[in-house]
Amino acid sequence: MSRFLSEKLSALEAYVPGEQPKIKRYIKLNTNESPYPPPKCVADAVGRQEIEDLRLYSDPECTALKAKLADLYGVKEKNVFLSNGSDEILNFAFMAYGENGAVFPDITYGFYSVFADLYGVNAEIVPLNDDFTVDINAFCGKNRLVVLANPNAPTGIALGLSEIEKIVSSNPDGVVIIDEAYVDFGAQSAYKLTEKYDNLLVVETYSKSRSMAGARLGFAFADEGIISDLERIKYSTNPYNINRITQIAGTAALVNQEYFNENCRKIAETREYVKEELRKMGFKVTDSVANFLFAKSDKISGSKLYTSLKERGILIRHFEAERIKDYNRITVGSREEMEIFLDAVREIIIGGIV
Ligand code: PMP
């Protein structure tokens with residue numbers, strides 16, 4: 001830290017992303033990326049001309065991409081916002097709507113508390129129930145910024161649409177963010193409710209189900225008013241927030257919905273298989289409907305399992321927070337990767353190398 005950093009920022013605890021190893025080739029089950037590549041039409045869409053065109057700025061209005069997304073989801077373009085990863089939307093929303101404080105669960109996506117700190121937003125942290133489900137009533141009638149991941153991370157547990165609606169309708173004077181980074185793997189999206197409620201912001205991403213984490217592309221649905229707030233911040237920070245290649249790749253990716261649906265289906269199927277196998281080994285596993293599992297074993301600590309797997313070339317995600325330190329979050333990879341993972345866990349647990 002330099003002596004020039006503003007006092008306000010010097011105490012900030014930054015978000016710590018999962019490891020992105022540069023040397024050894026790990027089986028990467030630690031950052032919820034897709035094991036499958038983007039559809040072939042994405043590679044086909046980025047040719048020499050598109051590379052040469054990189055001399056030009058990108059389209060700040062993301063015209064083609066926005067039109068295609070709006071068409072696919074059956075919404076109006078004025079109700080869509082595009083961003084450099086969905087983290088950017090969350091960033092803007094905390095900046096825009098956090099003035100009267102924010103409410104989110106104790107166990108959830110770690111970036112919410114980082115954004116709250118960054119903008120001096122007073123955060124009310126609501127504990128999840130003992131079984132890691134959300135206490136719905138604790139999020140009703142708050143009338144300030146409410147932030148929920150659905151499915152939640154790192155538990156993977158989802159709320160139903162009627163529960164989401166209850167929270168949204170009981171907070172008419174506060175924005176409710178539903179972060180749907182993992183929605184495509186088995187939860188219900190609330191985006192259609194944005195037609196009914198002007199305080200709902202539904203955030204989605206290309207990073208997980210659309211296999212494009214490295215392209216950094218997020219999108220959101222909301223009433224025109226909220227979208228124009230987000231646009232205002234975008235045009236006050238970085239109008240060209242989505243680069244040319246990502247706009248082209250993101251538009252092309254939407255052409256092949258069959259491939260997307262099939263990948264989601266395969267990942268959900270593999271998730272259920274691994275969930276069952278872990279339970280057979282005595283793991284306690286939450287009912288995740290995301291592309292990851294959240295599991296703990298009485299036979300080995302969370303951190304020991306994490307390091308033992310790492311020694312075997314498999315990366316999973318371990319969190320130090322007291323309530324979840326016995327757990328690990330395991331991204332659902334390909335069936336082959338998960339067989340290797342399960343064999344390694346069996347060896348560690350049953351082999352008694354604990
Ligand atoms: N929300 C949740 C719940 C996440 O887990 C992530 C991924 N770390 C994000 C949002 C952000 O994803 P991205 O910026 O890659 O779209």
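As the structure is a computational prediction, the values presented were derived from the model and not from experiment.

Chemist: Summarise the pairing of strand β4 (residues 123-126); cite the residues concerned and give the values.
Modeler: As judged from the four bridges shared by strand β3 (residues 102-105) and β4, these two strands associate in the parallel manner. Bridge assignment links Ala 102 to a residue of β4, and that residue is Ala 123. Between the parallel pair β3 and β4, the chain is carried across by helix α6 (residues 111-118), and the sense of this crossover is right-handed.

Chemist: Break down the sheet that holds β3 for me, with residues and values.
Modeler: Spatially, β2-β8-β7-β6-β5-β3-β4 is the arrangement adopted by the seven strands of the open sheet, whose pairing is mixed. Unpaired on one side and paired on the other, β2 (80-83) and β4 mark the two borders of the sheet. Taking the axes of each pair of neighbouring strands and ignoring which way they run, one obtains an average angle of 20 degrees across the sheet. Where strand β5 (residues 145-149) meets strand β6 (residues 176-179), four bridges bridge the pair, whose relative direction is parallel. In the strand pairing of β6, Leu 148 is matched with Ile 178. Along the sheet, helix α7 (residues 161-169) contacts β5, β6 and β7 (200-205); its crossing angle with β6, the most-contacted strand, is approximately 155 degrees. Strands in contact with helix α8 (residues 224-237) are β2, β7 and β8 (218-222); relative to β2, the strand with the most contacts, it is inclined by about 25 degrees.

Chemist: Account for the packing of helix α5 (residues 86-97) against α6, naming residues and giving values.
Modeler: Close contact between α5 and α6 brings their axes to 9 Å; oriented N to C, the two are set at 40 degrees. Comparing the axis directions of α5 and α6 gives the class oblique. As for the relative orientation of α5 and α6, their crossing is right-handed in sense. Of the residues in α6, those in contact with Asp 87, Leu 90, Asn 91 and Phe 94 of α5 are Phe 111, Tyr 112, Phe 115 and Ala 116.

Chemist: An account of the packing of α5 against α8 is needed here, citing residue identities and associated values.
Modeler: Relative orientation of the contacting elements α5 and α8 amounts to 105 degrees, with a least axis distance of 10 Å. Regarding the angle of α5 to α8, the classification is roughly perpendicular. For the pair formed by α5 and α8, the contact residues are Ile 89, Phe 92, Ala 93, Met 95, Ala 96 and Tyr 97 on the first element and Ile 226, Asp 229, Leu 230, Ile 233, Lys 234 and Thr 237 on the second. The residue makeup of the contact of α5 with α8, split by class, is nine nonpolar, one polar and two charged.

Chemist: Tell me about the site of the ligand, and name the residues and values.
Modeler: Neighbouring the ligand are the residues Gly 85, Ser 86, Asp 87, Tyr 109, Asp 179, Ala 181, Tyr 182, Thr 205, Ser 207, Lys 208 and Arg 216. One of the side-chain nitrogen or oxygen atoms of Asp 179 is found 2.6 Å away from a nitrogen atom of the ligand. Here an oxygen atom of the ligand and a side-chain polar atom of Tyr 182 are 2.6 Å apart. Considering the ligand on its own, with 400 Å² of exposed area, one finds that the protein chains cover 92% of that surface. Tallied by class, the residues present in the shell around the ligand amount to three nonpolar, four polar and four charged.

Chemist: For the packing of aromatic side chains, give the residues involved together with the corresponding values.
Modeler: The final tally for this structure, using the stated rule, is 21 aromatic pairs. Relative to Phe 221, the ring of Tyr 191 has its centre 5.1 Å away and its plane inclined at 40 degrees; by these criteria the two rings are tilted. With Tyr 191 in the loop between β6 and β7 and Phe 221 in strand β8, this residue pair connects regions lying 30 residues apart in the sequence. Phe 221 matches Tyr 191 in its accessibility class, with the two residues each being buried. Members of the aromatic cluster, each reached through a chain of ring pairs, are Tyr 15, Phe 94, Phe 104, Tyr 109, Phe 111, Tyr 112 and Phe 115. Over the aromatic face of Tyr 206 sits the side chain of Arg 210, whose NZ or CZ is 5.9 Å from the ring centroid.

Conventions we followed
- Every chain is numbered on its own, with residues counted from 1 as its sequence reads.
- Totals for whole chains, interfaces and linings use all residues, but because this is a predicted model, local features are given only for residues with pLDDT of at least 70 and pairs of side-chain atoms are given and counted only at 80 or more.
- With hydrogens and water excluded, all non-hydrogen atoms of the structure serve as input to the side-chain values.
- Any two strands with at least two DSSP bridges between them are considered paired.
- Secondary structure follows DSSP: runs of H or I at least 4 residues long count as helices, runs of E at least 2 residues long count as strands, and numbering of each begins at the N terminus.
- Handedness of a crossover: with both strands directed away from the viewer, a clockwise path from the first strand across the helix to the second marks it as right-handed.
- Note on geometry: axes are C-alpha line fits, over the in-contact stretch for helices, and angles between N-to-C directions span 0 to 180 degrees.
- When checking whether two residues touch, look at their non-hydrogen atoms; a contact exists if any pair is within 4.5 Å.
- The scheme is simple: roughly parallel for angles under 35 degrees, roughly antiparallel for over 145, roughly perpendicular for 65 to 115, oblique for anything else.
- Should the near helix be turned anticlockwise from the far one by less than a right angle, the crossing is left-handed, and should it be turned clockwise, the crossing is right-handed.
- Gly is placed with the polar residues, together with every amino acid not listed as nonpolar (Ala, Val, Leu, Ile, Met, Phe, Trp, Tyr, Cys and Pro) or charged (Asp, Glu, Lys and Arg).
- One heavy atom within 4 Å of a molecule or strand makes the whole residue count as near it.
- In the analysis that follows, any N or O atom pair within 3.5 Å is treated as a polar contact, provided that within protein one partner can donate a hydrogen and the other can accept it, and provided that, for residues neighboring in sequence, both atoms belong to side chains.
- Only the protein chains shown count as cover for residues, and all accessible areas are computed by the Shrake-Rupley method using a 1.4 Å probe.
- Side-chain rings of Phe, Tyr and Trp, where Trp is taken by its six-membered ring, are said to pair if the distance between their centres is within 6.5 Å; with planes under 30 degrees apart they count as stacked, over 60 as edge-to-face, and otherwise as tilted.
- Throughout this description, buried means an accessible area under 20% of the type-specific maximum (1.4 Å probe, protein chains only), exposed means over 50%, and partly exposed covers the range between.
- We call a charge positioned above a ring when the Lys NZ or Arg CZ atom is no farther than 6 Å from the ring centre and deviates by at most 35 degrees from the ring normal.

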